[in-house]
Amino acid sequence: MTKDFGNLPAGGSHSGEAVGIDDLSVYVPGLFLPLSGEFSLDRGIDPGKLIKGIGIERMAVPDAHEDAATMAANSLLDLMQRCDLAPEDIAKIYVGTESAVDEAKAIGTYVIGMLEKVYGTGSFQDCSTVEFKSACIGTTLALESLSYWAAAEEEGRVGIVIASDVAKYPLRSSGEYTQGAGSVALLVKKHPRLAALEQIYGCFTRDENDFFRPMGCTTATVNGKHSNQCYLEAIQGAFDSFAGKAARSGAITPKSEECVTDFIDHFLFHIPYPRMVEYASAAIFRHDWLGCRKGQDVELEIGKEPQSLDYEDLELYQAAKADYARRFSKSRHFQEAYLAKVADTAALSRVVGNIYTGSIYLGLASLLELQKIRAGERLCFGAYGSGCSALVFSAIVQPEAETVPSRGIVKRLEERRQISLQEYERLHEGLMEKSLVEPSAEFALASIDHQGYRHYEYVC
Ligand code: COA
C-alpha cells in the first residue's frame, strides 16, 4: 500500500519543515568535440544551423575509461567533498539513467563499490540504492520519490539523486549533433539551502514511439520531429495539471488578468538541445497568456490565433497555426519573458550538449553558475522523458542559496581537451582501446572480465 502524502504544506514535510535540494555537483568528461569546423564540414551542415538553430557549440565526449557509472561516482564524490558528507550520513542513492551498464545489477551498486575504494569497504552498507529508468525523466521521478522519503526521515540522514547518461545516436544521423555526456548529483534533505520543493507535481503520460532503445542496441532510435511534438504536448499537459493543483493547494491563485506564469521567476525545462527550451517556453506562455492581459497585448502585436472554424481545409489550418506559433516566438512579449525567465538555463548545455535525464539539473547549475537566482524566487521545472511522460513541479529558492560556494563549472569546462573528428568517431564506435587523456583524481573503468562484470578503480 502506498503512503498518502497529500496536502503537504509548502516545503513538503508533515511537520512543515522544508524539503528539497541542498546542493548539487556536476561531472562532465574532459573531452569535447566542437560542432563547427571539422564536424560540420564533414557532415555537410551549415555551422549556423548547429550553433543557432540547434544551440549547441560543443559536445562532451566520454573517454575510453568513462561510462554512466564512473560519471555518477565522480559527481557523487565531488558532492560529498563539497558538503562534508560521510558515507553513514547517506541513507539512499537513487540513480536516474537510460545508459545503464547492466541489464539487472543496479548502477548504484557499482557507484557504491567505487566510493568504497575511497571511504573504505562496507562504508555504504547501510545505504540502499535503486535505478530509475524512464528516459530523460528518470531522475526527476527519483527526486519526487526521494523527497517524500526525506520528509519522513527522522534520523537526520540525507538522500542523493544522481543523473548520469551518455546521450548517443548513430553517426551521421540527425540526432548526432544532440549528443553529450555528464552527471549531476543532488543532495536531498530537510532544511535545504538551495530550493525547497512545494510538493506540487503536475503529470502527463501516454504511450509513444518518439524515442526508444531496444534491448542490446547501443544507440537510440529516434523519430526526431515527432519527439519534439510529444515533448511539447506532454509539457503542456503536465503544466495544466500543475496549474490546477497549485490553485487547489492555494500556492498559485491568479486574480483576473493574471496568469500562472506571472508567479514563476525561472522555468527550467528538459534540455535535449538549447533551442528546445525556446520551443517549450513559447508553447507554455502562449497557452497560459490566453485570456490574460499579456495575451491581449500579443494579439495587438501579431494578430489573433487561427481558429479551426475559420478553415475548411485541415492542412491550411495547421499551416496557419504553425505560422502563428513562429510569429509568437518572435513577438516582443515572448522574447522579453524568454530572456528574463528561461534563456539562462541553457548556458551550460550549449557547451556540454545533451546529458539526457540530468539536463534539466544542468539548467539549475547554469542559473547557479551565472548567479541568477535570488531568495524567495519560484522555480518551475518541466521534465520530459520520451516514451512519454512529463512532470512539472515547483520549488522556492531558500535564503542560504546565494551563500552556497561556487562550483567552478565553467572553469573546469574550459580546461577540457578538444578532440578531432576521427578521435570522436573511434570513441563513439568503441574502437579506442586506450584513454585519450589518462584518468587522474577520478574513477575509471579498469576492465570488463570474461563474465561481463565491470571492474572500476579510483585513479589518484
Ligand atoms: N542557420 C540557422 N538556423 C538554421 C539553419 C542555418 N543555416 N538551418 C536550419 N536552421 C534552424 C531551423 O530553421 C530550425 O529552427 P526553427 O525551428 O526556428 O525553424 C532549427 O535550425 C532546427 O532545424 P531542423 O531542420 O528542424 O533540425 P533537424 O531536422 O536537424 O532536427 C532534431 C532537429 C532535434 C529533431 C534532431 O536533431 C533529433 O532528432 N534529435 C534527437 C531527438 C531530440 O533531441 N528530440 C527532442 C525532444 S526529446
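Everything here concerns the structure above.
In this report, the structure presented in the accompanying data block is examined. (Residues numbered from 1 in each chain as written. Predicted model: local features only at pLDDT ≥ 70, side-chain atom pairs only at ≥ 80, totals over all residues. Heavy atoms only, no water.)

Some thoughts on the layout of surface pockets
Condition: Only protein atoms enter the 1 Å grid used here, on which a cavity is any set of points holding a 1.4 Å probe that cannot leave and a pocket is any open set flanked by protein within 12 Å on both sides along at least five of seven lines; residues with an atom within 4 Å of a point are listed as lining. Grid points are joined across faces, edges and corners, and a volume is the space filled by probe spheres set on the points. Secondary structure counts use DSSP, requiring at least four H or I residues in a row for a helix and at least two E residues in a row for a strand, with both numbered from the N terminus. As a working rule, the residues Ala, Val, Leu, Ile, Met, Phe, Trp, Tyr, Cys and Pro are called nonpolar, Asp, Glu, Lys and Arg charged, and the rest polar, with Gly in that last group.
By volume, the second largest pocket amounts to about 890 Å³. What lines the second largest pocket is a set of 21 residues, among which Gln229, Leu232, Arg286, Ala322 and Ala325 lie closest to the centre. Listed by contribution, the elements that provide at least two residues to the lining of the second largest pocket are helix H6 (224-249), helix H7 (274-289) and helix H9 (314-330). For the lining of the second largest pocket, a count of residues per class yields seven nonpolar, five polar and nine charged.

Thoughts on the side chain of His270
Here is the rule: Throughout this description, buried means an accessible area under 20% of the type-specific maximum (1.4 Å probe, protein chains only), exposed means over 50%, and partly exposed covers the range between. Counting of polar contacts relies on pairs of N or O atoms within 3.5 Å, with two restrictions inside protein: one atom must be capable of donating a hydrogen and the other of accepting it, and residues adjacent in sequence are counted only when both atoms are side-chain atoms. The criterion used for residue contact is that any of the two residues' heavy atoms lie within 4.5 Å.
With respect to the helices and strands, His270 occurs in the loop between strand E11 (266-269) and H7. Under the relative-accessibility criterion, His270 is labelled buried at 3%. A polar atom in the side chain of His270 sits 2.9 Å from the side chain of Ser359. Those residues in contact with His270 that sit more than four places away from it in its chain are Cys136, Tyr231, Val277, Asn354, Tyr356, Ser359, Ile360, Gly382, Ala383 and Tyr384.

Quick look at the site of the ligand
Going by this rule: Each residue is tested against the molecule or strand, and it is near if at least one of its non-hydrogen atoms lies within 4 Å. Here the Shrake-Rupley method, with its probe set to 1.4 Å, supplies the accessible areas, and only the displayed protein chains count as covering residues.
Around the ligand, the structure places 20 residues, and the nearest of them are Asp46, Lys49, Ser174, Tyr177 and Tyr279. Here Lys49 contributes a side-chain N or O atom positioned 2.6 Å from an oxygen atom of the ligand. Within the side chain of Thr178, a nitrogen or oxygen atom sits 3.3 Å from a nitrogen atom of the ligand. Burial of the ligand by the protein amounts to 72% of the accessible area it has alone, namely 970 Å². Secondary structure elements with two or more residues in the shell around the ligand: helix H2 (47-54), H6 and H7. Grouping the amino acids of the shell around the ligand by side-chain chemistry returns eight nonpolar, eight polar and four charged.

A word on the sheet that holds strand E14 (residues 417-418)
Defined as follows: DSSP-based pairing: two strands are paired if at least 2 bridges between them are found.
Spatial strand order, E3-E2-E14: three strands in an open sheet with mixed pairing. At either margin of the open sheet sits one strand with a lone partner, and together these are strand E3 (58-61) and E14. Taken together, the two bridges between strand E2 (residues 31-34) and E14 define a ladder with parallel strand orientation. Of the residues in E14, the one forming a bridge with Leu31 is Arg417.

Quick look at the packing of H7 against H9
The cut-off we apply is this: Note on geometry: axes are C-alpha line fits, over the in-contact stretch for helices, and angles between N-to-C directions span 0 to 180 degrees. By definition in this entry, angles of less than 35 degrees are roughly parallel, angles greater than 145 are roughly antiparallel, angles of 65 to 115 are roughly perpendicular, and the rest are oblique.
Running from N to C, H7 and H9 point in directions that differ by 95°, and their axes come no closer than 10 Å. Judged on the interaxial angle alone, H9 and H7 are roughly perpendicular. For the pair formed by H7 and H9, the contact residues are Ala282, Phe285, Arg286 and Trp289 on the first element and Tyr324, Ala325, Phe328 and Ser329 on the second. Class assignment for the residues of the contact of H7 with H9 results in six nonpolar, one polar and one charged.

What to know about the packing of aromatic side chains
Basically, it comes down to this: Each aromatic pair joins two rings of Phe, Tyr and Trp (for Trp, the six-membered one) with centres within 6.5 Å, and gets the label stacked for planes under 30 degrees apart, edge-to-face for over 60, and tilted for any other angle. Over a ring means this: the NZ of a Lys or the CZ of an Arg is within 6 Å of the ring centre and within 35 degrees of the ring normal.
Counted under the stated rule, the structure contains 23 aromatic pairs. Ring centres 5.3 Å apart and planes at 70° place the aromatic pair Phe267 and Phe285 in the edge-to-face group. Here Phe267, found in strand E11, pairs with Phe285, found in helix H7; they are 18 residues apart in sequence, far enough to count as distant. Residue class for Phe285 comes out buried when judged on its relative accessible area of 2%. Here the aromatic rings of Phe285 and Trp289 are separated by 5.2 Å at their centres, their planes lie at 50°, and the arrangement is tilted. With Phe285 and Trp289 both in helix H7 and four residues apart, the pair spans about one turn of that helix. For the pair Phe285 and Trp289, one class covers both residues: buried. Geometry around Tyr110 places Lys105 over its ring, the cationic atom sitting 4.4 Å from the centre.

So, the pairing of E11
By the alternation rule, side chains of E11 split into His266 and Leu268 and Phe267 and Phe269, which are all buried. Bridge analysis of E11 against strand E12 (residues 378-385) gives four bridges, and the strand direction is parallel. Bridge pairing links His266 to Leu379 in E12.

Digging into the sheet that holds strand E7 (residues 180-190)
With mixed pairing, the nine strands of this open sheet are ordered in space as E5-E4-E6-E7-E1-E8-E13-E12-E11. In this open sheet, the two edge strands, each paired with only one partner strand, are strand E5 (128-132) and E11. If you compare each strand with its neighbour and ignore which way they point, the axes differ by 25° on average. Across two bridges, the pairing between strand E1 (residues 19-27) and strand E8 (residues 195-205) is antiparallel. By the bridge assignment for E8, Gly20 is matched with Ala196. Packed onto the sheet, helix H4 (residues 107-119) meets strand E4 (90-96), E5 and strand E6 (158-167) and runs at close to 135° relative to E5.

A closer look at the nonpolar core
Put simply, the rule reads: The set of buried Ala, Val, Leu, Ile, Met, Phe, Trp, Tyr and Cys residues whose side-chain atoms join them within 4.5 Å is what this entry labels a nonpolar core.
Counting residues in each nonpolar core, the largest one holds 57 residues, and the members touching the most others are Phe267 and Phe269. Apart from the residues within four sequence positions on either side, Phe269 is in contact with Tyr231, Ile235, Val277, Ala280, Ser281, Ile284, Val342, Ile360 and Gly382. In this structure, Ala142, Ala151, Leu186 and Ala401 belong to the second largest nonpolar core, which totals 46 residues.

Looking at unusual backbone geometry
Cis geometry is found at the peptide bond from Gly387 to Cys388, where omega equals 5°. For Ala135, which is not glycine, the phi dihedral falls at a positive 45°. Among the secondary structure elements, Ala135 is positioned in the loop between E5 and helix H5 (138-152). For Ala135, a relative accessible area of 12% corresponds to the buried category. Even without glycine at this site, Ala441 takes up a positive phi of about 50°. Mapped onto the elements of the fold, Ala441 is located in the loop between helix H14 (421-428) and strand E15 (442-448).

Brief notes about the pattern of salt bridges
Between side chains of opposite charge, a pair can form as their charged atoms come close. Short version of the rule: What counts as a salt bridge is simple: a side-chain nitrogen of Lys or Arg found within 4 Å of a carboxyl oxygen of Asp or Glu.
This model, assessed by the stated rule, comprises 25 salt bridges. When the shortest N-O distance is used, the salt bridge between Glu176 and Arg43 registers 2.8 Å. Here Glu176, found in the loop between E6 and E7, pairs with Arg43, found in helix H1 (residues 38-43); they are 133 residues apart in sequence, far enough to count as distant. By the burial criterion, Glu176 is buried, and Arg43 matches it.

Shape is all these values report; function is a separate question.
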